[in-house]
Amino acid sequence: MAYDSFSILTSTAVPLPIENVDTDQIIPARFLKATERVGFGDNLFRDWRYNQDDSPKADFVLNDATYQGKILVGGHNFGSGSSREHAAWAVYDYGFRCVVSSFFADIFRNNCLNIGVLPVQVSTEFLAEIFEAIQDDPSTQLTVDLHKQSIVLSSNGKSEFFDINDYKKDNMLNGYDDIDYLSNIKSEIEGFALNTPL
Amino acid sequence: MKQTLFDKVWDSHVVKSINNGPDVLFIDRHMIHEVTSPVAFLGLKNRKLPVLYPERTFATADHNTPTLNQHLPVADPLSRNQLKALEENATAHGISYWGLGHKKNGIVHVVGPEYGITQPGATIVCGDSHTSTHGAFGAIAFGIGTSEVEMVLATQCIMQPKPKKMRISINGSLNHGVTPKDVALFIISKLTTSGATGYFVEYAGEVFEQLSMEGRMTVCNLSIEMGARGGMIAPDEKTFEYIKGREFTPQGSNWDKAMAYWKTLYTDEGATFDKELTFDGAEIDPMITFGTNPGMGMSITKVIPTAASVEGGAATYKKSLDYMGYNEGESMIGKPIDFVFIGSCTNGRIEDFRAFASIVKGKKRAKNVTAWLVPGSHKVLASIKEEGLLEIFEAAEFELREPGCSACLAMNDDKIPAGKYAVSTSNRNFEGRQGPGSRTLLASPLVAAAAAITGKITDPRTFIQ
């Protein structure tokens, strides 16, 4: 599924300073029953966001109008657990285009890269500074520049370089996806398959 | 060049390497289920792409399926719709489909090995993180997202950078009452849920050599819970013995050819890993988790650690204990429980039911406990009946259900109610994993059995002679 390209994003951010945020929190399993990619944003962080009677939980950050923006900032080991791409879809469909953390779980990171959500890994210290800056002033902005692979905190101008491989960077800058690449080397794959019996 | 087991299998499946990018990795066998495949098939339809090698993909229904009255139409319309989509997609593309009611139906990671789809040296993927299970046979097996499911259907390849390599060696032997589940929970408690992120793990040493194939599957299954993409164990005579003669394993001269390859699948003496960890089997006790991730586990005899004594932030740790209704310093032994769940791709195989039976035989289920015994497949269900385990369960007042993922992720009706405690042989104790507000205690089938008959957390060694 093609997605919108990503180059530079400047936005306020939504802080979620909890570690080991797992995919079951991002989207609980009972909301995985769709056969199309629709409506996942509504159930992002469902059980942290709503009570069992579907009323919003006032103390959860997504229900607090003070914090808004296209960037989600999460604690260490964000996205651990399941391979459900629905978690990345929920993040994207809610309106986030970038997740910042000091550490990402592997499959979640991959899924994000495959659908156009940019995972930005920063140092533990910088993450703490970002959380603090947003807490002090919710209008604090982050600028994520994929060309330069940099993330800048508006409150003090501090920045960090983040890692992404050249192939994925190029994909995200252009909105390309892997399946297009693979389709174009189909003859090589077919040749390989001939020598790889079932 | 000295190579690890992982290098040998990975490198032989690389179609193409991209400079400062991923490898294009050829996938031998692909398994799909109803939850993570429909959007992938929709993607193929939108792109007007066929399935390139339908004979390399296998479909089974498991995540959503009811565990009672499987002969009736599925009552939940959303689940029914998803199951129907799988059937239609598999049929339309010529993919073998083992749906609800099929005699080969079961949890994808249970049926794969049962029918010989899982083989040493193969690359195996599925849109499910516990695909790591198949690494028990010396395969590279890992979970993928739906975009990648679509890639595999369309091109039989995915694109991923080669992970780093870690070897976890455990020597010596296991104490009485200590099972493969305890070994895995022990390792995760040492590494945390992110300790192996970015790595592919090889398990080595006497403890893993001594484990049965089913035990090895339990350990490899839980590799993802320490963040690893997957885990694998070099194939040996036990592996070959297990797979011989199964429906999808090579036959005749193809078997000999395959064996010649499989016998090369071990880590060369002197090959290097990015990280090596070593433990002693005698250190491991029966384990139980007390928090909301699988890394929050401990010996069943210990007390819940203080926030100050563990890695990570105190606020997150305390939030977790609050959710569980526990306090630092408390003993787990004697804590009351409400539910017991035996099943899942982690511990839903015949040896798990034998272990459970070994403790409940001749006893009665505690009156305060609701227990769900859910076999991983129809084959496991048949063995439970053939071996006389069903009589033991019934005499002890336990209910045996039909196969599926069930209360492991509670996508069907098997939900633990809010606030209730479940001792579960499954793989994740995340908040709400087994139903909104549910509280999960991960443990082995022996610990679950001891809890089921006493109604509280009990050291299973009390019941073992």
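Residues numbered from 1 in each chain as written. Chains lettered and ligands numbered in written order. Predicted model: local features only at pLDDT ≥ 70, side-chain atom pairs only at ≥ 80, totals over all residues. Heavy atoms only, no water.

## A look at the pattern of salt bridges
Alright, step 1. Summed over all chains, the structure comprises 31 salt bridges over all chains.
Alright, step 2. Between Arg167 of chain B and Glu276 of chain B there is a salt bridge, with its nearest N and O atoms 2.9 Å apart. On the criterion of sequence distance, the pair formed by Arg167 of chain B in strand 9 (residues 164-171) and Glu276 of chain B in strand 12 (residues 275-280) is long-range, its members being 109 residues apart.
Alright, step 3. Its relative accessible area of 41% is what places Glu276 of chain B among the partly exposed residues.
Alright, step 4. By sharing partners, the salt bridges in this structure join Asp177 and Asp180 of chain A together with Arg47 and Glu150 of chain B into a single network. (Salt bridge = Lys/Arg side-chain N within 4 Å of Asp/Glu carboxyl O. Helix = DSSP H or I, 4+ residues; strand = E, 2+ residues; numbered from the N terminus. Buried < 20%, exposed > 50% of the residue type's maximum accessible area, 1.4 Å probe, protein only.)

## Considering the interface of chain A and chain B
When the parts come together, some accessible area is lost, and that loss is often what is quoted as the size of the interface.
Alright, step 1. Listed by partner, the interface residues are 58 residues for chain A and 68 residues for chain B.
Alright, step 2. Together chain A and chain B conceal approximately 5,300 Å² of surface at their shared face, both sides included; 59% is due to carbon and sulfur atoms.
Alright, step 3. The tally of links between chain A and chain B comes to five salt bridges.
Alright, step 4. For Lys33 of chain A, the salt bridge identified is with Asp76 of chain B, shortest N-O distance 2.5 Å.
Alright, step 5. The tally of links between chain A and chain B comes to 22 residue pairs in polar contact (both at pLDDT 80 or more). (Contact = heavy atoms within 4.5 Å. Buried area = accessible area lost by both parts, 1.4 Å probe. Polar contact = N/O pair within 3.5 Å; in protein donor to acceptor, adjacent residues only side chain to side chain.)

## Topic: the confidence of the model for chain B
Alright, step 1. Mean pLDDT over chain B stands at 97; residues scoring 70 or higher make up 100%.
Alright, step 2. Model confidence for the complex: the whole-complex pTM is 0.97, and ipTM, which rates the interface, is 0.97. (pLDDT = per-residue confidence, 0-100.)

## Concerning helix 6 (residues 180-191) of chain B
Alright, step 1. Over its twelve residues, helix 6 of chain B runs 17 Å from end to end, which matches the ideal 16 Å to within 8%, given 1.5 Å per residue.
Alright, step 2. One or two steps after helix 6 of chain B, the chain reaches Thr192 of chain B, where phi turns positive at roughly 70 degrees. (Expected span 1.5 Å × (residues − 1).)

## Some points on unusual backbone geometry
Alright, step 1. Of note in this structure, Lys48 of chain B is not a glycine but carries a positive phi near 55 degrees.
Alright, step 2. Secondary-structure assignment places Lys48 of chain B in the loop between helix 2 (38-47) and strand 4 (57-60).

## Some thoughts on the packing of aromatic side chains
Residue and element names in this part refer to chain B.
Alright, step 1. In total, this model carries 24 aromatic pairs over all chains according to the counting rule given.
Alright, step 2. Each ring, one from Phe6 and one from Trp10, has its centre 5.6 Å from the other, and the planes form 35 degrees; the classification is tilted. Highlighted residues: Phe6 and Trp10, both in helix 1 (residues 5-11), separated by four residues, approximately one helical turn.
Alright, step 3. Judged by its relative accessible area of 1%, Trp10 is buried.
Alright, step 4. Relative to Phe248, the ring of Phe58 lies with its centre 5.3 Å away and its plane at 85 degrees, an arrangement referred to as edge-to-face. On the criterion of sequence distance, the pair formed by Phe58 in strand 4 and Phe248 in the loop between helix 9 (237-243) and helix 10 (252-262) is long-range, its members being 190 residues apart. (Phe/Tyr/Trp six-rings, centres within 6.5 Å; stacked < 30°, edge-to-face > 60°.)

## Points about the side chain of Ser11 of chain A
Residue and element names in this part refer to chain A.
Alright, step 1. If you trace the backbone, Ser11 turns up in strand 1 (residues 8-16).
Alright, step 2. On the basis of relative accessible area, Ser11 is assigned to the buried category, the value being 6%.
Alright, step 3. Only 2.8 Å separates the side chain of Ser11 from the backbone nitrogen of Lys70, close enough to count as a polar contact.
Alright, step 4. Beyond its immediate chain neighbours, meaning those up to four positions away, Ser11 contacts Gly69, Lys70, Ile71, Thr140, Gln141 and Leu142.

## Structural notes on the sheet that holds strand 6 (residues 123-126) of chain B
Sheets are built from strands that pair by backbone hydrogen bonding, the pairs being arranged parallel or antiparallel.
Residue and element names in this part refer to chain B.
Alright, step 1. Ordered in space as 5-4-3-6-7, the five strands form an open sheet in which the pairing is parallel. At either margin of the open sheet sits one strand with a lone partner, and together these are strand 5 (96-98) and strand 7 (140-143). Each adjacent strand pair in this sheet contributes to an overall mean axis angle of 20 degrees, direction not counted.
Alright, step 2. As paired strands, strand 6 and strand 7 are joined by four bridges and run parallel to one another. Each residue of the ladder has a partner; that of Cys126, found in strand 7, is Gly143.
Alright, step 3. Helix-sheet contacts for helix 3 (residues 77-93) involve strand 3 (29-32), strand 4 and strand 5, and the interaxial angle to strand 5 is about 155 degrees. (Pairing = 2+ DSSP bridges. Axes fitted to C-alpha atoms, helices over the stretch in contact; angles between N-to-C directions.)

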